[in-house]
Amino acid sequence: MTIKEVQQEIIDEFSMFDDWMQRYEYIIELGKNLPLIDEKYQVEENLIKGCQSQVWLHAEDKNNSVVFTANSDAILTKGIIAILVRVFSGQKAEEILEADTGFIDEIGLKEHLSPTRANGLVSMVKQIKMYALAYQAKQ
Amino acid sequence: MLDINAIRADFPILNQKVNGKPLVYFDNAATAQKPKVVEKAIIEYYETINANIHRGVHTLSQLATDAYEESRKKIQHHVNAKSDKEIIFTAGTTFGINLVANGFSSFLKKGDEILISAMEHHSNIVPWQFACERSGASLKIIPMNEEGDLILEEFDKLINSNTKMVAVTHISNALGTVNPIKYIIDEAHKVGAAVLIDGAQATPHIKPDVQALDCDFYVFSGHKICGPTGTGILYGKEAWLDKLPPYQGGGEMIKTVTFEKTTYACLPHKFEAGTPNIAGGIVLGYAIDYLNGIGFDKIKAYEKDLLDYGTKKLLEIEGLKIYGTAKEKTSVISFNIQGLHPYDIGVIVDKLGVAVRTGHHCTQPIMDFYGIPGTVRASFSFYNTKEEIDILIEAVKKAKQMLS
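Residues numbered from 1 in each chain as written. Chains lettered and ligands numbered in written order. Predicted model: local features only at pLDDT ≥ 70, side-chain atom pairs only at ≥ 80, totals over all residues.

## What to know about the overall build of chain B
Along its length, chain B carries 14 helices and 17 strands. Taken against the 2.2 N^0.38 rule, which gives 22 Å for 404 residues, the C-alpha radius of gyration of chain B at 22 Å falls within 12% of a compact globule. In terms of its C-alpha atoms, chain B occupies a principal-axis envelope of roughly 70 × 55 × 35 Å. Within chain B, the fraction of its 404 residues that count as buried is 51%. Put simply, 70% of the contacts in chain B that link residues at least 6 apart link residues at least 24 apart. (Helix = DSSP H or I, 4+ residues; strand = E, 2+ residues; numbered from the N terminus. Rg over C-alpha atoms; globule rule 2.2 N^0.38 Å. Buried ≥ 20, exposed ≤ 12 C-beta atoms within 10 Å, placed from the backbone. Contact = placed C-beta atoms within 7 Å.)

## Things to note about the pairing of strand β10 (residues 232-236) of chain B
Across a regular strand the side chains alternate sides, sitting on one face of the sheet and then on the other. Residues and elements named next belong to chain B. With 5 of 5 residues buried, β10 is to be regarded as a mostly interior element. The side-chain alternation of β10 yields two buried faces, one formed by G232, L234 and G236 and the other by I233 and Y235. Both strand β4 (residues 87-90) and β10 contribute to a ladder of 4 bridges, which runs antiparallel. Its bridge partner lying in β10, T90 is registered against G232. Pairing of strand β9 (residues 217-221) with β10, which is carried by 5 bridges, proceeds in the antiparallel orientation. (Pairing = 2+ DSSP bridges.)

## Here's the deal with unusual backbone geometry
Residue P268 of chain B is reached from L267 of chain B by a cis peptide bond, and omega for that bond is 0°. A positive phi angle, near 45°, is found at N63 of chain A, a position not held by glycine. Structurally, N63 of chain A can be placed in the loop between β2 (54-62) and β3 (65-72). By the C-beta count within 10 Å, which is 7 here, N63 of chain A ends up exposed.

## Some remarks on the packing of helix α2 (residues 36-48) of chain B against helix α10 (residues 278-294) of chain B
All names here are of chain B. Two elements in contact, α2 and α10, have axes whose closest approach is 9 Å; the angle formed by their N-to-C orientations is 150°. One element, α2, and the other, α10, form an angle in the roughly antiparallel class. Crossing of α2 over α10 shows right-handed handedness. Across the interface between the two elements, V37, V38, A41, I42, Y45 and Y46 from α2 touch A279, I282, V283, Y286, A287 and Y290 from α10. (Axes fitted to C-alpha atoms, helices over the stretch in contact; angles between N-to-C directions. Parallel < 35°, antiparallel > 145°, perpendicular 65-115°, else oblique. Left-handed = near helix turned anticlockwise from the far one by under 90°.)

## Quick notes on the domain arrangement of chain B
By a frequent convention, interface size equals the accessible area lost on bringing the separate parts together. Residue and element names in this part refer to chain B. Taken domain by domain, chain B comprises domain 1 (4-30 + 295-403) and domain 2 (39-293). Distance from the C-alpha centre of domain 1 to the C-alpha centre of domain 2: 28 Å. Each partner contributes to the interface: domain 1 provides 22 residues, whereas domain 2 provides 21 residues. For the side of domain 1 that touches domain 2, the secondary structure elements donating two or more residues are α11 (296-315), β14 (332-337) and α13 (364-370). When residues of the side of domain 1 that touches domain 2 are assigned to their parent elements, the largest contribution, 4 residues, is made by α11. Of the residues belonging to the side of domain 1 that touches domain 2, the class tally is 10 nonpolar, 7 polar and 5 charged. (Domains from an automatic or database assignment. Nonpolar A, V, L, I, M, F, W, Y, C, P; charged D, E, K, R; others polar.)

## Some remarks on helix α6 (residues 121-138) of chain A
Residues and elements named next belong to chain A. Taking 1.5 Å per residue as the helical rise, α6 with its 18 residues ought to reach 26 Å, and the 26 Å between its terminal C-alpha atoms agrees with that figure. By the burial criterion, the buried members of α6 are L121, M124, I128, Y131, A132 and Y135. Around the axis of α6, the buried residues are gathered within 100° of arc, so they sit on the same side. Away from its buried face by more than 90 degrees, α6 exposes K126 and A137. Here the buried face of α6 lies against β1 (47-49), β2, β3, α3 (75-88) and α4 (93-98). (Expected span 1.5 Å × (residues − 1). Arc of directions from axis to C-beta.)

## Section: the UniProt feature "domain: Aminotransferase class V" (unreviewed entry) in chain B
Residues annotated in UniProt with the feature "domain: Aminotransferase class V" (unreviewed entry) correspond here to residues 24-392 of chain B. End C-alpha to end C-alpha, residues 24-392 of chain B measures 8 Å, and it is 39% helix and 18% strand. (UniProt positions renumbered as here; feature names shortened; annotations may be inferred.)

## Quick look at the interface of chain B and chain A
Listed by partner, the interface residues are 11 residues for chain B and 13 residues for chain A. Listing elements by their share of the side of chain B that touches chain A, those giving two or more residues are α12 (342-351), β16 (357-359) and α14 (386-403) of chain B. Tallied by class, the residues present in the side of chain B that touches chain A amount to 6 nonpolar, 3 polar and 2 charged.

## Some details on the pairing of β14 of chain B
All names here are of chain B. Counting buried positions along β14 gives 6 out of 6 residues, so the element sits mostly inside the fold. Where burial is concerned, the two faces of β14 agree: the one with V332, S334 and N336 and the one with I333, F335 and I337 are both buried. As paired elements, strand β13 (residues 320-323) and β14 share 4 bridges and run antiparallel to each other. Opposite I322, over in β14, you have F335 as the bridge partner. With 4 bridges joining them, β14 and strand β17 (residues 375-379) adopt antiparallel strand pairing.

Right, here's the structure in full:
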């Protein structure tokens, strides 16, 4: 699936929810369930420090695509990481560079990707793009 | 007791919905809401007497200058300073501390010591680190205990003839602890050290008496006491302010300027370079009048009641731990729930209309002390109610249920 297709799939999933509480419960579930990163990658050099919550991001090259794993100490942040990883991981570097995160607005979670939230997610998206840029340069 | 309905009517912002729920504003330690008199005074200033001060011979300039200086006198009386020369308008507490630390660093040399406490806000840590870097002096820390009280026996051991400055907070923003500053000031003076008190968190609850305290500097912010943002006060004893070099150069702070040499204006103007926040400075006086109109004794008693009620109710939630349990504390409750991240709690209660602060509260050393990433902080003001605390409790319970 392309990034656009994955984003549309997520938008469709979220359209089933009636209110914020259902959306948040879903995010919390995502945050709880997924083992998001190998413990050996949850280290200082992969840490993106937010003022509110922290994010660890690891990237590796697999079959010409970039695979991301990530984690956070806050569960809501982790839930949104799960969504971002689903969108960006396993995609081609050039597609990652072209993609935007507008779909987050459409699923009613805009405030979580706001630069003022300081939860590390905006920096995480930036970092995802940096990795994609680095992999593209390598190819 | 307070006429709470009348008071709440003074704060239009409280009467609104956020995320579809009635707003419960419990982030008062970050900034206070503004009463109508303050809002009106800002508009009135701009509609009637807006002009630059201390410069013009024209009537408006004179009226604006008079209002600004009248506000300075009002603040002088509020903190019981000896003279209005000792009241410097600043942009806030951070600015005031930087002004003092920057100037004070010129008196320091290697071997000198600056003493701060383990519960300082970053703004009362970093300026002193700058001062140490510039001068070669070293920074010493008064430790605190689990309850969030300063360990005075350690303070007694730390203070010595090398100590040149003791800079401590009157009240902790993260824990609410009221520090024994009178003791600290007296002991510091015995070894000849100067004392700066960070009053940012104290001034919303207490009317400080700088002469009784005998502190050398006392700094606070306007926005935390119902005044405008970008306003603040540095009180300094005249002798210290005379000695301290100016912080910023520019208009207003000079007596004579030639390309060879500039002489500085008298106090307080020596520290007030450039056109100040005139409206803000004037309106700060209105905010102080408003608080004095209610009365600090009444505010203190009312907030104590809210603190006791909130503490009791929060502790009924299983797994909830309060950080900062000093005997003497103000209406600030910092807490966590076992297994949950403060950020997650903050986001959910916000969805339920409750505004709290989450994170490290610009006091990372305190968080490191407790080994936690941050806390949820609910801080109550005199315009809050027990009914609002009940809403907080329900919101926290809901967050716990969703997140667990």
